[in-house]
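# A closer look at the structure
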Amino acid sequence: MKDKAHMRERYRRERREAFIPAVYTNVLSTPEVMQATIVASYVSYGHEPSTVELNRALIKSGKTLILPRVNKDHIDWIFWDGDESKLIEKKNILEPVGEVISVLPAIDVVIVPALRIDRDGYRLGQGGGYYDRALPTMSGWKIALVHSGEVTSEVLPRESHDIAVDAAATPDLIVRFNKN
Ligand SMILES: Nc1nc2c(c(=O)[nH]1)N(C=O)[C@@H](CNc1ccc(C(=O)N[C@@H](CCC(=O)O)C(=O)O)cc1)CN2
Ligand SMILES: Nc1ncnc2c1ncn2[C@@H]1O[C@H](COP(=O)(O)OP(=O)(O)OP(=O)(O)O)[C@@H](O)[C@H]1O
């Protein structure tokens, strides 16, 4: 979709220009995360909202973390214990090494990357379509991480495969979306 590509370009530039490093440990105090056993996260890179502190805290609080690894057109999920030597860089993104989880367990919370989230919880991602394909196969509460100001009151262009998240986090705000 051409609109999406243009928007992505603009939003990436805005993200670069307005970048302020911040932490998302506020996500830890949501009831969904407090009660969670298994959490799917990712390792942030570049100007993305940082998951580094959040991932560390999730593991420290005894939760099981799984991370994505791109395999052709889809994401494989791999357990990660917080050991940085078990991450390797591929196209700028740190991905876990190790065995692919062949049958996904019930996942309680999915932390999702996004460039923008609209008022209904629809997201614009990096454009690979990886999360659009992965999310329908994953149970759990879905929360996207964005920078302050990246939750927009506009409606983003939507395609039939787009999946809305349940909530969005900025460093100082958690927004919940009504699903209907
Ligand atoms: N930190 C993080 N991990 C993540 C994602 C993400 O958005 N953030 N993903 C969210 O989906 C998946 C990977 N998404 C990707 C999306 C696009 C390309 C891609 O198009 N790469 C280009 C080069 C990109 C560039 O340098 O401009 C290529 O393959 O040629 C790669 C991975 C899984 N892991
Ligand atoms: N469920 C799906 N089945 C098949 N193709 C899909 C699916 N979801 C997305 N795609 C394709 O993937 C490409 C990127 O989709 P889209 O622009 O929605 O990505 P995105 O949501 O921004 O990225 P991501 O999910 O990786 O963060 C598009 O060409 C789209 O048609």
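Residues numbered from 1 in each chain as written. Chains lettered and ligands numbered in written order. Predicted model: local features only at pLDDT ≥ 70, side-chain atom pairs only at ≥ 80, totals over all residues. Heavy atoms only, no water.

The name given to the chain in an unreviewed UniProt entry is 5-formyltetrahydrofolate cyclo-ligase, and the organism recorded there is Candidatus Planktophila limnetica. Annotation of the chain in UniProt includes, under Sequence similarities (unreviewed entry), the sentence "Belongs to the 5-formyltetrahydrofolate cyclo-ligase family." Per UniProt, the comment on the chain under Catalytic activity (unreviewed entry) is "(6S)-5-formyl-5,6,7,8-tetrahydrofolate + ATP = (6R)-5,10-methenyltetrahydrofolate + ADP + phosphate". (UniProt positions renumbered as here; feature names shortened; annotations may be inferred.)

### Points about the site of ligand 1
Around ligand 1 lies a shell of 13 residues, among which Tyr42, Val43, Glu48, Lys91 and Gln126 are the nearest. Between ligand 1 and the protein, one listed contact pairs an oxygen atom with a side-chain N or O atom of lysine 91 at 2.7 Å. Elements that contribute at least two residues to the shell around ligand 1 include exactly β2 (64–71) and α4 (130–134). Split by residue class, the shell around ligand 1 holds 9 nonpolar, 2 polar and 2 charged. (Near = heavy atom within 4 Å. Polar contact = N/O pair within 3.5 Å; in protein donor to acceptor, adjacent residues only side chain to side chain. Helix = DSSP H or I, 4+ residues; strand = E, 2+ residues; numbered from the N terminus. Nonpolar A, V, L, I, M, F, W, Y, C, P; charged D, E, K, R; others polar.)

### Concerning the pairing of strand β3 (residues 74–80)
A regular strand places its side chains so that they alternate between the two faces of the sheet. Across the 7 residues that make up β3, a large majority, 5, are buried. Pairing of β2 with β3, which is carried by 7 bridges, proceeds in the antiparallel orientation. Each residue of the ladder has a partner; that of proline 68, found in β3, is tryptophan 77. Remark: 2 residues form the turn of the hairpin made by β2 and β3, two consecutive strands paired antiparallel; lysine 72 in that turn has positive phi of roughly 55°. (Buried < 20%, exposed > 50% of the residue type's maximum accessible area, 1.4 Å probe, protein only. Pairing = 2+ DSSP bridges.)

### Quick notes on the UniProt feature "binding site: ATP" (unreviewed entry) in the chain
With numbering matched to this structure, UniProt assigns "binding site: ATP" (unreviewed entry) to Arg123, Leu124, Gly125, Gln126, Gly127, Gly128, Gly129, Tyr130 and Tyr131. Structurally, the position occupied by leucine 124 is in strand β8 (residues 123–124). For leucine 124, a relative accessible area of 1% translates into the label buried. Discounting chain neighbours no more than four positions away, the residues touching leucine 124 are Lys4, Met7, Arg8, Tyr11, Ala114, Leu115, Arg116 and Leu156. Along the chain, glycine 127 falls in the loop between β8 and α4. Residue glycine 127 is classed as partly exposed on the basis of its relative accessible area of 46%. (Contact = heavy atoms within 4.5 Å.)

### Structural notes on unusual backbone geometry
Here the phi dihedral of lysine 72 falls at roughly 55°; this positive angle occurs in a residue that is not glycine. Considering the arrangement of structural elements, one finds lysine 72 in the loop between β2 and β3. Backbone geometry places lysine 91, a non-glycine residue, at a positive phi of 45°. In this structure, lysine 91 sits in the loop between β4 (87–90) and β5 (93–96).

### Digging into the sheet that holds strand β11 (residues 173–176)
Ordered by their spatial adjacency, 7 strands build an open sheet running β3-β2-β1-β6-β9-β10-β11, and the pairing between neighbours is mixed. At either margin of the open sheet sits one strand with a lone partner, and together these are β3 and β11. Taken over all neighbouring pairs, the strand axes of this sheet differ in orientation by 25° on average, direction set aside. Two strands pair when backbone bridges link them, and strand β9 (residues 141–145) and strand β10 (residues 167–170) are joined in this way by 3 bridges, in the parallel orientation. Looking at β10, one finds that isoleucine 143 is bridged to alanine 167. (Axes fitted to C-alpha atoms, helices over the stretch in contact; angles between N-to-C directions.)

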